[in-house]
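# Fold and contact review
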Amino acid sequence: MDLESYVARTRSGPCFVCAFLAGDPEYAHATVFEDADHVAFLDRWPTVPGKVLVAPKVHVEHVVRDLDEQAYSRLMLFVREIALAVEAVCGPERTYLYSLGSQQGNAHLHWHIAGLPPGVPYREQQFHALMTEHGVLALSPGQAASTAVRLREAVVARGVLNTG
């Protein structure tokens, strides 16, 4: 991963979520699951296996001020169900849920779901495990597609979310 190019792209390129949802091949991601209002997709530069991003389909930038209580609750239920799928498929020691981005780059609200693999030494957990500066996993398109299918199957098996 070229970190400098990534930063330049996030700050001057189109909204990566909106571009992905519009089908722009430069912003392609393997879709895990979607409903009428949300989408879950694999991170292009995962630092842990099965790292998923979740976003509302509509361009929203602020998690607390742009969503009413009902929309926030639906989003968080969606995040939870995708996180449970990550746990079922990847068997992490701990599941990290966090929302990043800013008005300066990656402004579209999105949650990261990152399952920490068992056995990672403590000094390499938490922020260290999430930082691309410490390396990213190289997945082939076939590996990404297979992971997305396994995660989707885990979501469907729980039967809580409906496809949109």
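Here is a short report on the structure shown in this document. (Residues numbered from 1 in each chain as written. Predicted model: local features only at pLDDT ≥ 70, side-chain atom pairs only at ≥ 80, totals over all residues. Heavy atoms only, no water.)

## Considerations on the overall build of the protein chain
To keep things clear, this is the line we draw: Only runs of H or I of at least four residues qualify as helices and only runs of E of at least two qualify as strands under DSSP, and these elements are numbered from the N terminus. Our radius of gyration is a C-alpha quantity, and the globule rule it is checked against amounts to 2.2 Å times the number of residues to the power 0.38. Here the term buried applies to any residue with accessible area under 20% of the maximum for its type, exposed to any over 50%, and partly exposed to those in between, with areas from a 1.4 Å probe on protein chains only. Any two residues having at least one pair of non-hydrogen atoms within 4.5 Å are treated as being in contact. Positive: Lys, Arg. Negative: Asp, Glu. His and the chain ends are not part of the count. Charged groups are reduced to one reference atom each: NZ for lysine, CZ for arginine, CG for aspartic acid, CD for glutamic acid.
Within the protein chain, the regular secondary structure consists of five helices and five strands. Of the regular secondary structure in the protein chain, the N- to C-terminal order runs α-α-β-β-β-α-β-β-α-α. The C-alpha radius of gyration computed for the protein chain amounts to 15 Å, which stays within 12% of the reference 15 Å derived for 164 residues, consistent with globular compactness. Expressed as a percentage of the 164 residues in the protein chain, the buried residues total 38%. Considering only contacts within the protein chain whose residues lie at least 6 apart along the sequence, 63% involve residues at least 24 apart. Each charge class in the protein chain was averaged separately, 13 positive and 18 negative side chains, and the resulting centres sit 3 Å apart.

## Re the pattern of salt bridges
We apply this condition: Each salt bridge in this description consists of a side-chain nitrogen of Lys or Arg and a carboxyl oxygen of Asp or Glu lying within 4 Å of one another.
Tallying each qualifying case throughout the model produces five salt bridges. With a shortest N-O distance of 2.5 Å, Asp 43 and Lys 51 are connected by a salt bridge. The pair Asp 43 / Lys 51 is uniform in exposure class, with both members buried. In this structure, Arg 158 engages Glu 81 in a salt bridge whose closest nitrogen and oxygen atoms are separated by 2.6 Å.

## As for the packing of aromatic side chains
To keep things clear, this is the line we draw: Here the aromatic set is Phe, Tyr and Trp, taking the six-membered ring for Trp, and pairing holds for ring centres within 6.5 Å; pairs whose planes are under 30 degrees apart are stacked, those over 60 apart are edge-to-face, and all others are tilted.
Inspection of every chain in the model, using the stated rule, returns three aromatic pairs. Here the aromatic rings of Phe 16 and Phe 41 are separated by 6.4 Å at their centres, their planes lie at 70°, and the arrangement is edge-to-face. Of the two residues, Phe 16 sits in helix α2 (residues 16–21) while Phe 41 sits in strand β2 (residues 38–42), which places them 25 residues apart along the sequence. A residue is classified by how much of its surface remains accessible, and Phe 16, at 12% relative accessible area, is buried. With a relative accessible area of 0%, Phe 41 lands in the buried category. Three or more aromatic residues joined by ring pairs form one cluster here, namely Phe 16, Phe 20 and Phe 41.

## Section: unusual backbone geometry
Even without being glycine, Gln 126 reaches a positive phi, approximately 55°. Mapping Gln 126 onto the fold places it in the loop between β5 (111–116) and α4 (127–130). According to the relative accessible area criterion, Gln 126 is partly exposed, its value standing at 38%.

## Things to note about the sheet that holds β5
So the rule is basically this: Any two strands between which DSSP finds at least two bridges are classified as paired. Axis lines are fitted to C-alpha atoms, over the contacting stretch for helices. Their N-to-C directions set the angle, which ranges from 0 to 180 degrees.
The five strands are arranged β1-β2-β3-β5-β4 in an open sheet whose pairing can be described as antiparallel. The outermost strands of the open sheet, each flanked by one partner alone, are β1 (31–34) and β4 (94–99). Shown here is a sheet whose adjacent strand axes are inclined to one another by a mean of 20°, direction ignored. Running over the sheet, helix α3 (residues 69–90) touches β1, β2, β3 (52–56), β4 and β5 and is turned about 25° from β5. Here helix α5 (residues 141–158) sits on the sheet and contacts β1, β2 and β3; the angle it forms with β1, its principal contact strand, is near 25°.

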